[in-house]
Amino acid sequence: MAINAKDFTFCNKKLSDFGFMIANIDGSLDDSASCGNIEVITARPPMNTKNIIHGVNYGDPIKLEFQVVKYDFSKCICSENPVTDEEQENLMRWLVKTSYNYINFDDGDVYFNVTMNVTPKKVGGVVRGFEITATNDSTYSYSEEYTTTLLSGSNTFTDNSSVIGYTYPKLTITVTTDGDVSIECAGDRKTVISNCKTNETITIDCENGIIKSSNGLHNLSSDFNFVFFRFFNTEDTRQNTINITNASVQMTYRLKRMVVI
């Protein structure tokens, strides 16, 4: 997997903002990556001629390895000057995080949720660039972030994820009528929040199991059924019917993709 991009965006900043460009400094990297790897766990019972599947383990997460070099954009050539201590500190401060963050390369619409290791690369005894290892949080890549508005009543939603299964979005719920708010994907479980008030705003991070309300008096620990909403696709259909009562919902999500770059 050769990275053809020259730039990338990470935490709302571009590599070029720091005076660097993606380039192979010393020809030492043998880039490769794959996605969607799974290990099917099987066993063959006694007196049986066929294996039986007992489960599935997902493989190692996607790992991207590439190099960046200090670049003179005014002359369109690699900089003649070595990387200064200040430049190195600024780059490391930007890239080395203690949490996962999304990276997007400038030659495509694929995103990876990564942590990074950054190693200085020397040429002629001085630092000219860095080798970066970006480790994704899964065996899949992601789409850009989408937001879909769902209104009270029945809504039709298409799950275009490459991966069969569930996606847990973030929800911003605006209560339109006093009472119980419910959100249900037909054929799946129902999310219920009781005793809501008109114009109350409730946010739910369905993946991480976090719920908050703008109404400080709302006792969510007793009024929420702790069923976190999800949508899904199957072998046969991508269509979801999402039924909502007493609220409108802004649903924010990324779709899983089975592509690298």
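Remember, predicted model here, so these are calculated numbers, not experimental data.

Colleague: Would you mind going over the environment of Pro 82 with me for this structure?
Modeller: By the secondary structure assignment, Pro 82 is in the loop between β7 (77-78) and α1 (85-95). Taking C-alpha positions, Pro 82 is 9.9 Å from Gly 124, a pair spaced 42 residues apart along the chain. Beyond its immediate chain neighbours, meaning those up to four positions away, Pro 82 contacts Lys 70, Glu 87, Val 126, Val 127 and Arg 128.

Colleague: What am I meant to see in the side chain of Arg 230 here?
Modeller: Summarising the element assignment, Arg 230 is placed in the loop between α2 (220-223) and β20 (231-233). On the accessibility criterion, Arg 230 (14% relative accessible area) is buried. Among the polar contacts listed, one links the side chain of Arg 230 to the side chain of Tyr 168, at a separation of 2.9 Å. Of the polar contacts made by the side chain of Arg 230, one reaches the side chain of Asp 188; its length is 2.8 Å.

Colleague: Looking at this structure, I do not really get the packing of aromatic side chains. What am I missing?
Modeller: Any two aromatic rings considered together are summarised by their centre-to-centre distance and by the angle between their planes. In this structure the tally under the stated criterion is 17 aromatic pairs. The interplanar angle of 75° and the centroid separation of 5.7 Å between the aromatic rings of Phe 8 and Phe 66 together place this pair among those described as edge-to-face. Taken together, the residues Phe 8 in strand β1 (residues 8-10) and Phe 66 in strand β6 (residues 63-72) connect sequence positions 58 residues apart. The exposure classification of Phe 8 matches that of Phe 66, with both residues buried. In this structure an aromatic cluster arises from ring pairing among Phe 8, Phe 10, Phe 18, Phe 66, Trp 94 and Phe 105. When the ring centre of Tyr 166 is taken as origin, the NZ or CZ atom of Arg 230, which lies over that ring, is 3.6 Å away. Arg 254 extends its terminal NZ or CZ atom over the ring of Tyr 102, reaching a point 3.7 Å from the ring centre.

Colleague: What's the story with the pairing of strand β9 (residues 111-123) in this structure? I'm lost.
Modeller: Here is the key point about a regular strand: its side chains alternate between the two faces of the sheet. For strand β8 (residues 101-105) and β9, the ladder comprises four bridges, and the chain directions are antiparallel. Residue pairing in the sheet places Ile 103 in a bridge with Phe 112 of β9. Taking the residues that link successive antiparallel strands as the turn, the β8-β9 hairpin has five residues.

Colleague: So what exactly am I meant to see when it comes to unusual backbone geometry here?
Modeller: Across residues other than glycine, the phi torsion is negative in most instances, and most of the peptide bonds are trans. Despite not being glycine, Asn 199 has its phi angle at roughly 75°, a positive value. Residue position: Asn 199 is located in the loop between β17 (190-196) and β18 (201-205). The class of Asn 199 is exposed, set by a relative accessible area of 61%.

Colleague: Looking at this model, I keep getting lost on the sheet that holds strand β21 (residues 239-245). Mind explaining?
Modeller: On the basis of which strands lie adjacent, the open sheet formed by four strands has the order β13-β21-β16-β17 and antiparallel pairing. Every interior strand has two partners, whereas the edge strands, β13 (153-158) and β17, have only one. Strand-to-strand, the axes of this sheet are offset by a mean angle of 15°, without reference to chain direction. Pairing analysis gives six bridges linking β13 to β21, with the strands arranged antiparallel. Opposite Gly 153, over in β21, you have Ile 244 as the bridge partner.

Colleague: Looking at this model, I keep getting lost on the pattern of salt bridges. Mind explaining?
Modeller: Working definition: two side chains of opposite charge can pair if their charged atoms are close together. On inspection of all chains with the given rule, the structure shows four salt bridges. We note a salt bridge from Asp 109 to Arg 257, for which the minimum N-O separation is 3.0 Å. Of this pair, Asp 109 sits in the loop between β8 and β9 while Arg 257 sits in strand β23 (residues 256-257); the two residues are 148 residues apart in sequence, bridging distant segments of the chain. When its relative accessible area of 47% is taken as the criterion, Asp 109 is described as partly exposed. By relative accessible area, which is 22% here, Arg 257 ends up partly exposed. Among the ionic pairs, Glu 131 bridges to Lys 121, the shortest N-O distance being 3.8 Å.

Colleague: Looking at this model, I keep getting lost on the environment of Phe 229. Mind explaining?
Modeller: Among the structural elements, Phe 229 can be located in the loop between α2 and β20. Classification of Phe 229 as buried rests on a relative accessible area of 3%. Expressed as a C-alpha distance, the spacing of Phe 229 and Lys 190, which sit 39 residues apart in the sequence, is 7.3 Å. Filtering out sequence-adjacent residues up to four positions away, Phe 229 remains in contact with Tyr 168, Pro 169, Leu 171, Ile 183, Glu 184, Cys 185, Thr 191, Cys 206, Ile 242 and Met 251.

Colleague: How should I be thinking about the sheet that holds strand β15 (residues 170-175) in this particular structure?
Modeller: Strand pairing in a sheet takes place through backbone hydrogen bonds and is either antiparallel or parallel in direction. In space, the five strands of this open sheet follow the order β12-β22-β15-β18-β19, with antiparallel pairing throughout. In the strand order of this sheet, the two ends are held by β12 (146-150) and β19 (210-213), each with one partner. Sheet twist, expressed as the average angle between the axes of neighbouring strands with direction ignored, equals 15°.

Conventions adopted
As a convention, each chain's residues are numbered from 1 in the sequence order in which they are written. Residue-level local features of this predicted model are given only where pLDDT is at least 70; pairs of side-chain atoms are given and counted only at 80 or more, and the full residue set underlies all totals for whole chains, interfaces and linings. To get the side-chain values, all heavy atoms of the structure are used, and hydrogens and water are removed first. Here a strand is any run of E in DSSP of at least two residues, a helix any run of H or I of at least four, and the numbering for each starts at the N terminus. Contacts are residue-level and defined by heavy atoms, with any inter-residue pair within 4.5 Å sufficient. Buried residues are those whose accessible area, probed at 1.4 Å on protein chains only, stays under 20% of the maximum for their type, while exposed residues exceed 50% and partly exposed ones sit between those limits. Under the rule applied, a polar contact is a pair of N or O atoms within 3.5 Å (in protein, one hydrogen donor and one hydrogen acceptor; residues adjacent in sequence only if both atoms are side-chain atoms). Each Phe, Tyr or Trp ring, with Trp reduced to its six-membered ring, pairs with another whose centre is within 6.5 Å; inter-plane angles below 30 degrees give stacked pairs, above 60 give edge-to-face pairs, and intermediate values give tilted ones. Note on criteria: charge over ring means Lys NZ or Arg CZ within 6 Å of the ring centre, with the direction from the centre no more than 35 degrees off the ring normal. For two strands to be treated as a pair, DSSP must find at least two bridges joining them. All axes here are fitted lines through C-alpha atoms, helices being fitted over the stretch that makes contact, and every angle between N-to-C directions spans 0 to 180 degrees. A carboxyl oxygen of Asp or Glu within 4 Å of a side-chain nitrogen of Lys or Arg is what we treat as a salt bridge.

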